[in-house]
Amino acid sequence: MCNQMVVEVERIDKRFESVHAVNEVSFSVERGEILGFLGPNGAGKTTTIRMILGIFDPDAGEIRSSLGPSLGRVPKERTGYLPEERGLYGDAKIHDLLTYFGELKGLQRAEARERARRWLERFDLLDWSTKKVEKLSKGMQQKVQFIAAVLHKPDLVVLDEPFAGLDPVNQDLLKEIIRGLREDGAAILLSSHQMNRVEELCDRIFLIHRGRRVLYGDLDEIKEAHGEHAVSIRFAGDGSVLQGTSGATDLRIEGSRASFTLSRDASPDAFVRALPEGLGILALHVDRPPLHDIFVRTIGDDDEAR
Amino acid sequence: MKLGKIIRWEFTQNVRSKQFLFITILIPAFVGLAVFAATRVIGAENTGPSEPPPPVIIGIFLAMILFLGAFMSGVMTLYGVLKEKQTRSAEMMLSSVSAWELMSGKMIGLGLTGLIQVAAWGVTAYFVAGLFFPVSLEMLTLVHWISYPLYFALGFLFIASIFGTVGASIKDIHSGGAVGIAGMIPYLPMVFAGLIVTQPDLLWVRIAGFIPPFTPAVMLLRIGATPIVSEGTRVVPAWEIGLSLLSLAVGTFLMMRFAAKVFEVGMLMTGKSASLRELWRWGRRGAS
């Protein structure tokens, strides 16, 4: 994996009338990485994405890209976008529509047609290629729109909630395809509220809250920095022996399940060795706190700090 | 490049639609056949006047048909824009093309569709009229051939820009409101059509011909009607035609630019219609 910057955003700012939608935000996306683009609803994610994609310009700040002839705006031919608000021309035939989108991204007609055919095959939609978009189920339309976003082999792929509305089988297929895109060197911006998906896929994360960056960096390092371990145990014996475990806080015991947080200085090794007798462990899970918790805590802390 | 692709797409998508089949082929064919059959049955062609109609009839008729065609394509633009907005396909499109390309591509594609419809009606009308009078295209002067297509093309783009602006700024087809009325402005001169046709040299008619929203309607009617007053010897002065076309071209360009700015903002905004004040701000500044 080479660390080559594809897009660099520096202190971009955007206001809509009374709303300060994006406030001096900076980050970059590199070749061959997936950047998790997170934030509560209305935090400024879509506005930031639209500025990167050149749908509109920031009021201040700079967006640089290595994709164009000179270090400047991101060329629209080199980007692919799956917006959160899905939408396709309902009365168009699927293969025609994909060919059209490919052409608008600079592909030759024949090339666009052929690539669209291959992608439809991959998503098992070939039988539907002459049908109208409106005849498709929601999940199928989702797949068609994903194809439209990646058909032209973009260097920058922006995916907003790509898994929404897909069944587990297709979610796995999509996950595999997104990883494939990363392998091929694309820079991917993945926006999602499904924290488990983000954890599975993303190399780095960016968290935006009320238009400002509140967390940004390598996913593992961020987890490391949050120190503690989250422990959950399922047991057959007596749970009360867990009372007084050294370094455990927020202990919660409900029936045959217990969960708590292990403080920064308590190592998982020592904790496991010191587990009391009589618990009758059925399952034991020790891990860094889930991204979900980091997300919620960071947003909460930020709200308090204001 | 991209503009051409958008035009081709909009054009082919529309030509394949059922409405197009109805308006362009089925209805004209039905009208033509019905009139033809009627003349066979009652022998109308023998009872009607056999001398050719004054050229002015052809001119005015053509003016009407062109203007009606521009209006219909304008309304199609309104629907096309609203559909794009409501299906939320605009965001995807705007990540590939500029608002200007999307808007003008849509308009020109629909305009070409409208042109085919106008041609179909024109041919039908020519055929139907031929059953009653000895008509011939030689009744049209060079002035008609040159100026009519220009007024139609520019007029259509002007009207379509207004409808495009309306489409991009309203929530759905039921909330046209104050903005929707803007689409009717170019049609105001039609209220005075009778006057324009009978007195095409009145000062205020001539002035109205230079004011962009009114130019297409006024000038098409004036040029069509002028020979009636002067018995085929005089036409609208060339400088007036040239100046009005220039003024219309500038007006059309400004209107299209305004519409493209409104597009930038409005196409990504759903669930809310713009107030006139908002519309004015969007049109001046776009999304920035």
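Predicted model, so just to flag it, every value in this text is computed and none were measured.

1. Concerning the overall build of chain A
The helix and strand tally for chain A stands at nine helices and 13 strands. Once the C-alpha set of chain A is aligned to its principal axes, its extents read approximately 70 × 45 × 40 Å. Intrachain contacts of chain A at a sequence separation of at least 6 include 68% that bridge at least 24 residues.

2. What to know about the sheet that holds strand β1 (residues 5-16) of chain A
Residues and elements named next belong to chain A. Pairing within the open sheet is antiparallel, and its three strands lie in the order β2-β1-β4. Both outer strands of the open sheet, β2 (19-30) and β4 (60-65), are each paired with one neighbouring strand and no more. Looking at each pair of strands side by side, their axes are set apart by 10 degrees on average, direction ignored. As paired elements, β1 and β4 share five bridges and run antiparallel to each other. Directly across from Glu10, in β4, lies its bridge partner Glu62. Packed onto the sheet, helix α1 (residues 45-52) meets β1, β2 and β4 and runs at close to 125 degrees relative to β1.

3. Observations regarding the interface of chain A and chain B
Opposite the 22 residues of chain A that make contact, chain B presents 16 residues. Those elements giving two or more residues to the side of chain A that touches chain B turn out to be β5 (79-82) and α2 (94-104) of chain A. Sort the elements by how many residues they give to the side of chain A that touches chain B and α2(A) lands first, with four residues.

4. Things to note about the nonpolar core
Across soluble globular proteins, you tend to see nonpolar side chains buried next to one another. Ranked by internal contacts, the top residues of the largest apolar core, which has 133 residues, are A:Ile147, A:Ile188, A:Leu190 and B:Leu220. No other element matches the 13 residues that helix α7 (residues 142-169) of chain B contributes to this core. Beyond its immediate chain neighbours, meaning those up to four positions away, B:Leu220 contacts B:Ala63, B:Leu66, B:Phe67, B:Tyr148 and B:Tyr151. In terms of nonpolar packing, the next biggest core, distinct from the first, is built from six residues, A:Val231, A:Ile233, A:Phe260 and A:Leu262 among them.

5. Regarding the sheet that holds strand β11 (residues 248-254) of chain A
Residue and element names in this part refer to chain A. Across the sheet, which stays open at both edges, the four strands sit in the order β11-β12-β10-β13 with antiparallel pairing between neighbours. The two strands at the open ends of the sheet, each matched to only one other strand, are β11 and β13 (281-287). Each strand of the sheet is rotated relative to its neighbour by a mean of 10 degrees, with strand direction disregarded. Relative to strand β12 (residues 257-262), strand β10 (residues 229-235) runs antiparallel, the two being bridged by six bridges. Bridge pairing in β12 places Val231 opposite Phe260.

6. A word on the packing of helix α6 (residues 99-132) of chain B against helix α13 (residues 238-266) of chain B
All names here are of chain B. In contact at an axis separation of 8 Å, α6 and α13 are set at 120 degrees when each is read in the N-to-C sense. When the axes of α6 and α13 are compared, the pair comes out oblique. The chirality of how α6 crosses α13 is right-handed. Between α6, through Ala99, Trp100, Leu102, Met103 and Ser104, and α13, the contact on the second element is made entirely by Met256, Ala259, Ala260, Phe263 and Glu264. A breakdown of the residues in the contact of α6 with α13 according to their chemical character gives eight nonpolar, one polar and one charged.

7. Quick notes on helix α1 (residues 2-15) of chain B
All names here are of chain B. An ideal rise of 1.5 Å per residue puts 20 Å on 14 residues; α1 measures up with 20 Å between its terminal C-alpha atoms. The complete set of buried residues in α1 reads Ile6, Ile7, Trp9, Glu10 and Gln13. Burial along α1 is one-sided: seen end-on, the buried residues are contained in an arc of 165 degrees.

8. Considerations on the domain arrangement of chain A
Partitioning chain A into domains gives domain 1 (5-223) and domain 2 (228-287). Each of domain 1 of chain A and domain 2 of chain A has a C-alpha centre, and these two points are 41 Å apart.

9. What to know about the pairing of β13(A)
Side chains on a regular strand alternate between the two faces of the sheet. All names here are of chain A. Taken across its seven residues, β13 has zero buried, putting it largely on the surface. Of the strand pairs in this sheet, β10 and β13 are connected by six bridges, and their pairing is antiparallel. Bridge pairing in β13 links Val231 to Val286.

10. Quick notes on the environment of B:Ala63
Residues and elements named next belong to chain B. Of note, Ala63 is situated in helix α4 (residues 55-86). Along the chain, Ala63 and Pro216 lie 153 residues apart, while their C-alpha atoms are 9.0 Å from each other. Ignoring any residue separated from it by four or fewer positions in sequence, one finds Ala63 in contact with Leu220, Leu221 and Gly224.

11. Digging into the packing of helix α2 (residues 18-42) of chain B against α6(B)
All names here are of chain B. Direction vectors running N to C along α2 and α6 enclose 0 degrees, while the axes themselves pass 10 Å from each other. Between α2 and α6, the interaxial angle falls into the category roughly parallel. In this structure, α2 contributes Phe20, Ile23, Thr24, Ile25, Pro28, Val31, Gly32, Val35, Phe36 and Thr39 to the contact, and α6 contributes Thr113, Ile116, Gln117, Ala120, Trp121, Thr124, Phe127, Val128 and Leu131. Of the residues assigned to the contact of α2 with α6, the class counts are 13 nonpolar, six polar and no charged.

Rules and cut-offs
Residues numbered from 1 in each chain as written. Chains lettered and ligands numbered in written order. Predicted model: local features only at pLDDT ≥ 70, side-chain atom pairs only at ≥ 80, totals over all residues. Helix = DSSP H or I, 4+ residues; strand = E, 2+ residues; numbered from the N terminus. Contact = placed C-beta atoms within 7 Å. Pairing = 2+ DSSP bridges. Axes fitted to C-alpha atoms, helices over the stretch in contact; angles between N-to-C directions. Core = buried A, V, L, I, M, F, W, Y, C linked by C-beta atoms within 7 Å. Buried ≥ 20, exposed ≤ 12 C-beta atoms within 10 Å, placed from the backbone. Parallel < 35°, antiparallel > 145°, perpendicular 65-115°, else oblique. Left-handed = near helix turned anticlockwise from the far one by under 90°. Nonpolar A, V, L, I, M, F, W, Y, C, P; charged D, E, K, R; others polar. Expected span 1.5 Å × (residues − 1). Arc of directions from axis to C-beta. Domains from an automatic or database assignment.

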